[in-house]
Amino acid sequence: MLIGFNPVIDFNSKRIVIGSMPSIASLNARQYYDFPYNAFWKIISVLFNSSNPFDNYSDKINCLLNNRIALWDSLMKCNRVGSLDSNITNEIPNDFNALFDEYKNIDFLIFNGQQAFKFFKKYNPVLLKRFPFAIMPSTSPANASVDFFAKLDAWKKVLLF
């Protein structure tokens, strides 16, 4: 069984980006969105870091937190062959009720793709009535039907509002 990561969050966080489950590359590196072709950190860099690449993982996390953005996944554990969300079975969700009870400033949910939303909705339908949310084009390279600039434009509208 694969086990995800702890949330990246602090008490100033207002928005939270919710993924599905870290890829194999991310799990091996113990870093969110570590697969080199995933566009997440490139988008964050363009929007908040003057298009400069990040020097290290700590810089990436600090950039999110400095911009009041939290990060977590819909799932805490699952079985999966490879990194595709479509291969996920036997999933166990993360406890977003407990997270939002502790971090009361969160006021907007941003889903990194349809699969992240699907898993969240399956286990947290009441929270979708409590919080406004947006479902973004997945930053995964598996979402090849949407090019980088279209992804950037969509994410920009939500992250810079």
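Look up: the structure comes first, before these words.
Residue numbers here run from 1 along each chain, matching the order of that chain's written sequence. Local features in a predicted model are, by the rule used here, given only for residues with pLDDT of at least 70; side-chain atom pairs are given and counted only at 80 or more, and totals for whole chains, interfaces and linings are based on all residues. With hydrogens and water excluded, all non-hydrogen atoms of the structure serve as input to the side-chain values.

Enquirer: Looking at this structure, I do not really get the pattern of salt bridges. What am I missing?
Expert: If the charged atoms of two oppositely charged side chains come close together, the side chains can form a pair. Salt bridge, as used here, is a side-chain nitrogen of Lys or Arg placed within 4 Å of a carboxyl oxygen of Asp or Glu. Under the defined criterion, the tally for this structure stands at three salt bridges. Taking the shortest distance from any N to any O, the salt bridge between K14 and D107 comes out at 3.0 Å. In this pair, K14 is assigned in the loop between β1 (2–3) and β2 (15–19) and D107 in the loop between α4 (96–102) and β6 (108–112), connecting sequence segments 93 residues apart. Relative accessible area serves as the criterion here: at 32%, D107 is assigned to the partly exposed category. One salt bridge connects K157 with D153, and the closest N-O pair in it is separated by 3.3 Å. Placement of the pair is K157 and D153 together in helix α7 (residues 148–159), with a separation of four residues, close to one helical turn. Runs of H or I in DSSP of at least four residues are treated as helices and runs of E of at least two as strands, each being numbered from the N terminus. For every residue, the accessible area obtained with a 1.4 Å probe (protein chains only) is divided by the maximum for its type, and the residue is called buried under 20%, exposed over 50%, and partly exposed between those limits.

Enquirer: Any chance you could explain the layout of surface pockets here in plain terms?
Expert: Vacant regions in the atomic arrangement are exposed by a probe of water-molecule size rolled over the atoms. Grid points spaced at 1 Å and placed over the protein atoms alone form the basis of the search, with a cavity being a set where a 1.4 Å probe fits but cannot get out and a pocket an open set showing protein on both sides within 12 Å along at least five of seven lines. Lining residues have an atom within 4 Å of a point. Grid points are joined across faces, edges and corners, and a volume is the space filled by probe spheres set on the points. Quantified by volume, the largest pocket comes out at close to 610 Å³. Lining the largest pocket are 29 residues, with S20, N38, D85, S138 and S140 positioned closest to its centre. Going through the elements one at a time, α1 (24–29), α5 (114–123) and β7 (133–136) are the ones with two or more residues in the lining of the largest pocket. Tallied by class, residues from the lining of the largest pocket come to 12 nonpolar, 15 polar and two charged. In this count, Pro and Cys sit with the nonpolar residues alongside Ala, Val, Leu, Ile, Met, Phe, Trp and Tyr, while Asp, Glu, Lys and Arg are called charged and the others, Gly among them, polar.

Enquirer: What is the right way to look at the pairing of β2 in this model?
Expert: For a regular strand, side-chain orientation follows a simple rule: the groups alternate between the two sheet faces. When you tally the buried positions in β2, you get five out of five residues, the bulk of the element. Going residue by residue along β2, you find R15, V17 and G19 tucked away on one face and I16 and I18 tucked away on the opposite face as well. As paired strands, β2 and strand β3 (residues 69–73) are joined by five bridges and run parallel to one another. Paired with V17 across the bridge in β3 is L71. Strands are labelled as partners when DSSP assigns at least two bridges between them. The pairing of β2 with β6 spans four bridges and is classified as parallel. Looking at β6, one finds that R15 is bridged to F108.

Enquirer: Any chance you could explain the sheet that holds β2 here in plain terms?
Expert: The strands that make up a sheet are held in pairs by hydrogen bonds between backbone atoms, and each pair lies either parallel or antiparallel. The sheet built from four strands is open, its strands ordered β3-β2-β6-β7 with parallel pairing. Both outer strands of the open sheet, β3 and β7, are each paired with one neighbouring strand and no more. For this sheet the average axis-to-axis angle between neighbouring strands, irrespective of direction, equals 20°. Note on definitions: a residue-residue contact is assigned when non-hydrogen atoms from the two residues lie within 4.5 Å. Helix axes are fitted only over the stretch in contact, all axes being lines through C-alpha atoms; the angle between N-to-C directions runs from 0 to 180 degrees. Against the sheet, α5 makes contact with β2, β6 and β7, and its axis sits at roughly 125° relative to β6, the strand it touches most.

Enquirer: Can you walk me through the nonpolar core in this structure?
Expert: Across soluble globular proteins, nonpolar side chains have a tendency to be buried as a group. Residues I16, W41 and L109 are the most contacted members of the largest nonpolar core, which totals 49 residues. Aside from chain neighbours lying at most four places away, what touches I16 is A70, L71, W72, F96, L99, F100, I106, F108, L109 and I110. Within the second largest apolar cluster, five residues are counted, among which are M21, L75, C78 and I88. Among the buried residues, those of types Ala, Val, Leu, Ile, Met, Phe, Trp, Tyr and Cys that are joined through side-chain atoms within 4.5 Å form a nonpolar core.

None of this, on its own, says anything about what the molecule does.
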